[in-house]
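Report on the structure
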Amino acid sequence: MKSSNLIKLFLAAVATAVLSFSAPIFAKGDVFVDQNNVAIKGYDPVAYFVSSAAQKGQAQFSYVYKGNTWMFSSAANKKAFVANPVAYLPQYGGHCAFAASKNSIAPIDPKAWTIRNNKLYLNYSLSVRDNAWRPDIDANIAQADANWPTLATQVKTR
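Residues numbered from 1 in each chain as written. Predicted model: local features only at pLDDT ≥ 70, side-chain atom pairs only at ≥ 80, totals over all residues. Heavy atoms only, no water.

Moving on, we get to the overall build of the protein. Looking only at helices and strands, the protein has 6 helices and 6 strands in total. Each helix and strand of the protein, ordered N terminal to C terminal, gives the series α-β-β-α-β-β-α-α-β-β-α-α. The buried share of the protein, taken over its 158 residues, is 43%. Put simply, of all contacts in the protein between residues at least 6 apart along the chain, 56% involve residues at least 24 apart. (Helix = DSSP H or I, 4+ residues; strand = E, 2+ residues; numbered from the N terminus. Buried < 20%, exposed > 50% of the residue type's maximum accessible area, 1.4 Å probe, protein only. Contact = heavy atoms within 4.5 Å.)

Structure below.
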């Protein structure tokens, strides 16, 4: 086996182990939120698409959608979200996309993100994103998509 494949397998195993021992997950419905029901740790979901950046939202530009508070970095981003929330919602309820591909639930680092086919995917860390999620992104998405319906019901019961 090539050393690059061994490294990938090792990183995936480490990531899975880390995800298994992560902090408690908060959820309202199936969306990852903090203790105050703020989605994606207060980061602006629209900014990933329009600014290609992870930007912290501001309280003055907040909006409650389906019981969760979403924060935005500008009035324009808030307006875009209000007009079409589904276009900007992170996949898998804002939980770690790589964990979902491994049939697990884990929190995210809002700076570890990927846009693929006009969808936002968040990951546990930059290392997980770069070394485990992105190298086989299409297969990971397919597996996470298959796992999410069952995982979403688990999240709702937490």
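Ranked by internal contacts, the top residues of the largest apolar core, which has 34 residues, are Tyr48, Trp70, Phe81, Tyr92, Leu122, Trp133 and Trp148. Element by element, the count of residues in this core is highest for helix α6 (residues 137-156), at 7 residues. (Core = buried A, V, L, I, M, F, W, Y, C linked by side-chain atoms within 4.5 Å.)

A few words now on the pairing of strand β4 (residues 68-72). Taken across its 5 residues, β4 has 5 buried, putting it largely inside the fold. Neither face of β4 is open: one carries Asn68, Trp70 and Phe72, the other Thr69 and Met71, and all of them are buried. Across 5 bridges, the pairing between strand β3 (residues 58-65) and β4 is antiparallel. The residue of β4 that forms the bridge with Tyr63 is Trp70. Taking the residues that link successive antiparallel strands as the turn, the β3-β4 hairpin has 2 residues, and the phi of Lys66 there is positive, at about 50°. (Pairing = 2+ DSSP bridges.)

For the rest of this paragraph, the subject is the environment of Ala39. Relative to the helices and strands, Ala39 resides in the loop between β2 (31-32) and α2 (45-50). On the accessibility criterion, Ala39 (0% relative accessible area) is buried.

Among the residues of helix α5 (residues 126-133), Val128, Arg129, Ala132 and Trp133 are the ones counted as buried. Summarising the axial view, the buried residues of α5 lie within an arc of 115°, below the 170-degree limit, and thus occupy one face. (Arc of directions from axis to C-beta.)

With respect to the helices and strands, Asn123 occurs in strand β6 (residues 119-123). With relative accessibility at 0%, the residue Asn123 sits in the buried group. Residues within four places of Asn123 in sequence aside, it is in contact with Cys96, Ala97, Phe98, Pro107, Ile108, Asp109, Ala112, Val128, Arg129 and Trp133.

All told, the structure shown has 9 aromatic pairs when counted by the stated rule. Ring centres of Tyr48 and Trp113 lie 5.1 Å apart, and the angle between their planes is 55°; this geometry places the pair in the tilted category. With a gap of 65 residues between them, Tyr48 in helix α2 and Trp113 in strand β5 (residues 109-116) connect regions that are remote in the sequence. In this structure Tyr48 comes out as buried when scored by relative accessible area, which is 1%. (Phe/Tyr/Trp six-rings, centres within 6.5 Å; stacked < 30°, edge-to-face > 60°.)

Of the residues in the protein, 76% have a pLDDT of 70 or more, and the chain-wide mean is 85. Taken together, the stretch residues 16-29 has pLDDT below 50 and engages in 30 contacts with residues farther than four places along the chain or on a different chain. (pLDDT = per-residue confidence, 0-100.)

For β5 and β6, the ladder comprises 5 bridges, and the chain directions are antiparallel. Bridging across to β6, Thr114 finds its partner in Tyr121. Where β5 folds back onto β6 in an antiparallel hairpin, the turn is made up of 2 residues, including Asn117, whose phi is positive at roughly 50°.

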